[in-house]
Amino acid sequence: MKFDINVDKCVGAGVCAIAAPEVFDQNDDDGIIVVLDPNPPLEQAQLVHDAATRCPAAVITNVQL
Amino acid sequence: MSRSGGMDAKVVIVGASAGGVSAAEALRARGHTGPIELIGAEKHAPYDRPPLSKQLLKGELLASDVALRASTHLRDLNVAERFGVAATALNTKARTVTLADGTNTDYDRVIIATGVSARQLPIRNSVGGVHTLRTLDEAVALQSAIADAKRVVVVGGGFLGTEIAAAAVALGVDVVLAGKASTLLEGALGATVGEQVAGLHTSRGVELMTGPAATVHQLRVKDGQVTGVEFRSGEFVQADLVILAVGSEPAVDWLRSSSLSLTDGVDCSSDCSAGEGIYAVGDVARWHNPLFNVSMRIEHRTNATDQAIHVAERILNGDTTAYAPVPYFWSDQFDVKIQAHGYLRGHDEVKVIEGSLDDGRMIAIYRTGGTLTGVVAVGAAKALRQWRGHVATKMDWHDAISLS
Ligand SMILES: Cc1cc2nc3c(=O)[nH]c(=O)nc-3n(C[C@H](O)[C@H](O)[C@H](O)COP(=O)(O)OP(=O)(O)OC[C@H]3O[C@@H](n4cnc5c(N)ncnc54)[C@H](O)[C@@H]3O)c2cc1C
Ligand code: SF4
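Residues numbered from 1 in each chain as written. Chains lettered and ligands numbered in written order. Predicted model: local features only at pLDDT ≥ 70, side-chain atom pairs only at ≥ 80, totals over all residues. Heavy atoms only, no water.

1. Regarding the sheet that holds strand S19 (residues 273-275) of chain B
Residue and element names in this part refer to chain B. The line we're drawing: When DSSP locates at least two bridges between a pair of strands, those strands are taken to pair. Helix and strand assignments come from DSSP, with helices taken as H or I runs of at least 4 residues and strands as E runs of at least 2, each series counted from the N terminus. Only the contacting stretch of a helix is used when fitting its axis, a line to C-alpha atoms as for every element, and angles between N-to-C directions run 0 to 180 degrees. Contacts are assigned to residue pairs with any non-hydrogen atoms lying within 4.5 Å of each other.
Ordered in space as S3-S2-S1-S7-S20-S19, the six strands form an open sheet in which the pairing is mixed. Of all the strands in the sheet, just strand S3 (79-83) and S19 have a single pairing partner and so form its edges. Averaged over all pairs of adjacent strands, the angle between their axes in this sheet comes to 20°, without regard to strand direction. Pairing analysis gives five bridges linking strand S2 (residues 36-40) to S3, with the strands arranged parallel. By the bridge assignment for S3, Ile36 is matched with Val79. Packing of helix H1 (residues 18-29) onto the sheet brings it into contact with strand S1 (11-14), S2, S3 and strand S7 (109-112), and relative to S2 it is tilted by some 170°. The sheet strands contacting helix H8 (residues 301-317) are S1, S7 and strand S20 (278-280), and the helix crosses S20 at an angle near 165°.

2. Side note on the site of ligand 2
All names here are of chain A. Put simply, the rule is: Throughout, the term near means that a residue has one or more heavy atoms lying within 4 Å of the molecule or strand in question. Cavities and pockets were defined on a 1 Å grid built from protein atoms only: a cavity is a group of points that admits a 1.4 Å probe but offers it no way out, a pocket is an open group of points flanked by protein on both sides within 12 Å along at least five of seven lines, and a lining residue is one with an atom within 4 Å of any such point. To be counted as sitting in a cavity or pocket, a molecule needs more than half of its atoms within 2 Å of that site's grid points. Ten residues, namely Ala, Val, Leu, Ile, Met, Phe, Trp, Tyr, Cys and Pro, are considered nonpolar, four, namely Asp, Glu, Lys and Arg, are considered charged, and the remaining ones, Gly among them, are considered polar.
Around ligand 2 lies a shell formed by Cys10, Val11, Gly12, Ala13, Gly14, Val15, Cys16, Gly31, Ile33, Cys55, Pro56 and Val59. Spatially, ligand 2 is embedded in the largest cavity. Of the residues in the shell around ligand 2, the class split is nine nonpolar, three polar and no charged.

3. Observations concerning the domain arrangement of chain B
All names here are of chain B. Selection criterion: For each domain, the first and last residues come from an automatic or database assignment. Values labelled buried area give the accessible surface lost by two parts on being combined, using a 1.4 Å probe and summing over both.
Entries for chain B in the domain assignment read domain 1 (6-51 + 61-117 + 249-317), domain 2 (120-245) and domain 3 (335-403). Computed over C-alpha atoms, the centres of domain 2 and domain 3 are 29 Å apart. With nine residues of domain 2 in contact, the opposing surface of domain 3 contributes 13 residues. Of the roughly 920 Å² buried between domain 2 and domain 3, counting both surfaces, carbon and sulfur atoms make up 67%.

4. Here we look at the pattern of salt bridges
Residue and element names in this part refer to chain B. Counted only if it meets this: One side-chain nitrogen of Lys or Arg within 4 Å of one carboxyl oxygen of Asp or Glu is enough to make a salt bridge.
In total, this model carries 29 salt bridges over all chains according to the counting rule given. The closest approach of N and O atoms between Glu349 and Arg367, which form a salt bridge, is 2.8 Å. With Glu349 in strand S25 (residues 349-356) and Arg367 in strand S26 (residues 361-368), the pair connects residues that are 18 residues apart, well separated along the chain.

5. A look at the packing of aromatic side chains
The geometry of an aromatic ring pair comes down to the distance between the two centres and the angle between the two planes. All names here are of chain B. Selection criterion: Here the aromatic set is Phe, Tyr and Trp, taking the six-membered ring for Trp, and pairing holds for ring centres within 6.5 Å; pairs whose planes are under 30 degrees apart are stacked, those over 60 apart are edge-to-face, and all others are tilted. Each residue is placed in one exposure class: buried if its accessible area under a 1.4 Å probe, protein chains only, is under 20% of its type's maximum, exposed if it is over 50%, and partly exposed if it falls in between. The criterion for a charge sitting over a ring is simple: Lys NZ or Arg CZ within 6 Å of the ring centre, and within 35 degrees of the ring normal.
Going through the model one piece at a time under the given rule, you end up with five aromatic pairs over all chains. Between Phe159 and Phe329 the ring centres are 4.8 Å apart and the planes differ by 65°, which places this aromatic pair in the edge-to-face class. One end of the pair, Phe159, is in helix H5 (residues 159-170); the other, Phe329, is in strand S23 (residues 328-333), with 170 residues separating them in the sequence. Centre to centre, the rings of Tyr328 and Trp330 are 6.4 Å apart; their planes meet at 20°, and the pair counts as stacked. Accessibility classification places Tyr328 together with Trp330 in one group, the buried group. The cationic tip of Arg220 hangs over the ring face of Phe236; the distance from NZ or CZ to the ring centre is 3.8 Å.

6. A few points about the interface of chain B and chain A
Stated precisely, the cut-off is as follows: N or O atoms closer than or at 3.5 Å make up a polar contact, with two conditions inside protein: a donor-capable atom paired with an acceptor-capable one, and, for residues adjacent in sequence, both atoms drawn from side chains.
At the interface, 25 residues of chain B touch 23 residues of chain A. Here chain B and chain A share an interface that buries about 1900 Å² over both sides, 47% of which is from carbon and sulfur atoms. Taken together, the connections running from chain B to chain A amount to five salt bridges. Salt-bridge contacts for A:Asp25 lead to B:Lys382; the nearest nitrogen and oxygen are separated by 3.5 Å. At the junction of chain B and chain A, the tally comes to ten residue pairs in polar contact (both at pLDDT 80 or more).

7. Looking at the site of ligand 1
Residue and element names in this part refer to chain B. How we decide: Computed by Shrake-Rupley with a 1.4 Å probe, the accessible areas treat only the displayed protein chains as cover when residues are assessed.
In the neighbourhood of ligand 1, 32 residues make up the surrounding shell, with Glu42, Arg49, Lys54, Arg134 and Asp283 lying closest. In the environment of ligand 1, an oxygen atom lies 2.8 Å from a nitrogen or oxygen atom belonging to the backbone of Gly19. At 2.6 Å from an oxygen atom of ligand 1 is found a side-chain nitrogen or oxygen belonging to Lys54. When ligand 1 sits alone it has 1000 Å² of accessible area, and the protein chains cover 91% of it.

8. Notes on the sheet that holds strand S9 (residues 130-131) of chain B
Residues and elements named next belong to chain B. Reading across from one edge, S9-S16-S10-S11-S12 is the order of the five strands in this open sheet, with parallel pairing throughout. Taken across any chain shown, the strands that pair with only one partner, and hence form the sheet edges, are S9 and strand S12 (207-210). Looking at chain direction, strand S11 (residues 174-179) and S12 are connected through four bridges and run parallel. By the bridge assignment, Val176 is partnered in S12 with Glu207.

Put into structure tokens, the structure is as follows:
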């Protein structure tokens, strides 16, 4: 599966890394999103969907199976 | 007759912002196939509020940049949008929502996500130069008012007031920030961290007035236009723009004729249900959080989505699992981003365990009773997430101290 990221909008909330820790991480100083796995396996789909919904800055879009 | 939840239930969502949109999205992401209707009083497509007091006021984002989702997103999810029409009543017996255009829509499940609105002072009526900030329209109006202003008084030393003051001073306007607590953000973060935020504001040129004497007595008005603020201390501060950031009121007027309990927002059980087939999420919802054993109503952006996901799951699973989150918020103060996890209100002790705001890296931990209940940090995203884990497992305070 895949998704798009708009890093410019990231507010460093880290909600993505809590929702889908195998797919997203954060920079330590400013907390900006770091993508660990740009093509995660299908079983991560629900978690990536939730990360996109939970992100307070609409950074993760276009989540596709 | 009992009407079922589940995958094909008809869900009506009232309030089309962070909470409402997330609920619709979470239902679909979990395979819900029934009709979903999303009703919103504002004519705008759903937009995000946190940038309104930050990038939008400073002119770094335009009104068109703050949309919550791409314009076709909800339609692609087969969600019926009804924007620009408010709900005016909920009939829990007939299971209908009445709209301002006189129509009714029936539901199997209804999700109340109507948020809060800005509290007004009783003195506001039709005085020019007095603003509040909650909606996009208010933000756009405020932005142009700041551009024309010379001297601004911001009333309210909470997150909204401090963010507005920071944005206004960055735009080159003289800013007086008046809060009636002993320091800025005292209610939210406690005095120790609040003092550091106050120091930051002073160093950037914001003039601070704090303590009970900084309570507004009345606005001075000439020819329908505000000319300044009289404080309880007797002091008068001249201003051509006054911004009220004095808290919020849950948007529950439309529910007064229903049987719901509305002591402070919509009173819910631990699972966020408020009656047969009725749920509430986001800023409007008060529920008992078993993790902290406290009844809370949280006005933070990520809670709206987390609670919406929780409710979507309850509707689909038909169970009553409690909603037990560790609340989270962030706030931008100038170039400093403050982040917090936990429930800090009513804490007994704050301990700064690393750095300070001036250093650009700070971690403070909060104790309530014998337990670690919260953590606030600046510039320490990963450490913050580890501490969040310790809050979630209710770490004993002594263990927390020995870790620090
Ligand atoms: C300027 C500003 C800055 C913020 N900054 C931050 C921040 O930095 N960090 C943070 O964590 N949180 C922040 N917040 C808080 C965050 O935006 C809210 O927690 C979040 O918007 C709550 O979402 P909600 O969907 O519950 O309610 P709301 O966003 O209030 O949405 C409720 C919607 O329901 C609609 N509505 C109301 N009554 C009716 C009715 N009768 N019928 C139909 N529709 C109705 C309203 O028009 C509104 O669109 C900020 C808020 C503001 C205003
Ligand atoms: S949740 Fe969104 S804003 Fe927060 S770090 Fe992840 S991408 Fe950035």
